[in-house]
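Here is how the chains run, residue by residue.
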Amino acid sequence: MSTLHQISSAALRLLPAETGHGIALRALAAGLGPHQRADDFPVLAQDICGLHFANPVAVSAGFDKNAAVIAGARRLGSGFVEIGGVTPRAQTGNPKPRLFRLTPDRAAINRMGFNNEGSDAVLARVQAARDGSTPLGVNLAANSDSTDPAQDFVALVETFAPAADFLTIDVSCPNSANGQVFLDPRALEDLLARLSATREASSGTPVMFAKLAPDLADDHLTELLEVMLAAEIDAITLCNTTTARPESLQSANAAERGGLSGAPLFEMATEMLRKVYAQTQGRVPLIGVGGIMNGADAYTKIRAGASLVQLYTGLVYEGPGLIQTIKHDIAERLTRDGFIHLSQAIGLEHRS
Ligand SMILES: Cc1cc2nc3c(=O)[nH]c(=O)nc-3n(C[C@H](O)[C@H](O)[C@H](O)COP(=O)(O)O)c2cc1C
């Protein structure tokens, strides 16, 4: 990371967490920060679900809830972009403060509650930004006061299907009244059937991802995976933040309510990824998220079974150059391990 990026990241960390994030977004929107390419490491390129990913690294959902900095996220060197979570109607989310840094733990806790400007405002920006350069996805969520969360997802798929390359159904948010309704396997089954019909009927046919949180018992996880595989979900994102609080946490903010992200999530999230890769046997691509702070972490996720990786909290601590650093590091590790292509490392742990 450049000295300038280091200084500005450290300065932002002196501000309240949500204020710092707002300034970082405005700086990215203004064209500040890195100007990297997505396709500078050909060894990292792959086609997944019919989409071309010039590299496997991206910023995860929640970073750009309103699609305000799609171009800025691309300039970080990302191989794809996922904006949102977006709900059908605008909502303010939970009262502030709702985002907390756990600096000694290199972590964060958030209970944002899907604050966003709603699908109409976001759609216009997604349409304007879609240029075919990198896959562009929208993370979808139900309004917290909705009496029919399944209908919210149907409406969102109708809205965004013609405009996005992939859509992520977030069935795992710990911070919103309707965030966990579809953790009931029967409810998820009905939802995915309705969304599949909606997708077929729409003019675009985006790829459909589902995102889970790590706080699931093994049996429950297995049931949800069976439902997802039967519904032919295109990829699974593992994982969202956790409500668990590892004993190792040092920060006073550890007692805040919400989802924990960052370094202390890494082991838990990677273990879930391993389990799901073993159970699905490579039948569905996995996106590894949770606690990636450097290239070694990203490579561990890939070897555990991730075809793509995403990160959010790492950017807060390591600055905007992190995506590029990770790409460089993965490419180096592939060479060191004697591979000529990224695909050779995906799920490697399970073969050795
Ligand atoms: C402030 C904040 C807001 C988030 N909002 C969303 C969201 O709207 N939808 C979603 O699927 N995940 C959301 N996430 C979860 C992240 O996408 C990611 O899964 C999680 O933070 C773990 O990755 P990390 O350890 O690299 O941060 C949010 C995370 C944070 C910190």
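Attention here is on the structure that accompanies the text. (Residues numbered from 1 in each chain as written. Predicted model: local features only at pLDDT ≥ 70, side-chain atom pairs only at ≥ 80, totals over all residues. Heavy atoms only, no water.)

Some thoughts on the overall build of the protein
Then, in step 1: Summing up its helical and strand segments, the protein has eleven helices and 13 strands in all.
Then, in step 2: In terms of overall size, the protein behaves like a compact globule, its C-alpha atoms giving a radius of gyration of 19 Å where 352 residues would be expected to give roughly 20 Å.
Then, in step 3: Here the C-alpha coordinates of the protein stretch approximately 50 × 45 × 45 Å along the principal axes.
Then, in step 4: Contacts spanning at least 24 positions in sequence make up 74% of the contacts within the protein whose residues lie at least 6 apart.
Then, in step 5: For the protein, the accessible surface area stands at approximately 13,900 Å², while carbon and sulfur atoms represent 52% of it.
Then, in step 6: For the protein, the distance from the average position of its 29 positive side-chain charges to the average position of its 37 negative side-chain charges is 6 Å. (Helix = DSSP H or I, 4+ residues; strand = E, 2+ residues; numbered from the N terminus. Rg over C-alpha atoms; globule rule 2.2 N^0.38 Å. Contact = heavy atoms within 4.5 Å. Areas by Shrake-Rupley, 256 points an atom, 1.4 Å probe, with all protein chains shown as cover. Lys, Arg positive; Asp, Glu negative; His and termini not counted. Charge placed at Lys NZ, Arg CZ, Asp CG, Glu CD.)

A short note on the side chain of Asn139
Then, in step 1: Checked against the element boundaries, Asn139 lands in strand S7 (residues 136-140).
Then, in step 2: If sequence neighbours within four positions are ignored, Asn139 has contacts with Ala61, Glu82, Ile83, Gly84, Gly85, Val86, Thr168, Asp170 and Lys211.

Structural notes on the sheet that holds strand S4 (residues 81-86)
Consider a sheet: its strands pair through backbone hydrogen bonds, and that pairing is either parallel or antiparallel.
Then, in step 1: Across the sheet, which stays open at both edges, the eight strands sit in the order S3-S13-S12-S10-S9-S8-S7-S4 with parallel pairing between neighbours. Looking at strand neighbours, the two that pair on one side only are strand S3 (57-59) and S4, the edges of this open sheet. On average, each strand axis in the sheet is inclined to that of its neighbour by 25 degrees, with strand direction left out of account.
Then, in step 2: Sheet topology note: the S3/strand S13 (residues 306-311) ladder contains three bridges and is parallel. Across the sheet, the residue bridging to Ala58 is Gln310, located in S13.
Then, in step 3: Most of the contacts of helix H4 (residues 119-129) go to S4, to which it runs at about 170 degrees, and overall it touches S4 and S7.
Then, in step 4: Relative to the sheet, helix H7 (residues 218-230) contacts strand S9 (207-212) and strand S10 (235-238), its axis offset from that of S9 by approximately 175 degrees. (Pairing = 2+ DSSP bridges. Axes fitted to C-alpha atoms, helices over the stretch in contact; angles between N-to-C directions.)

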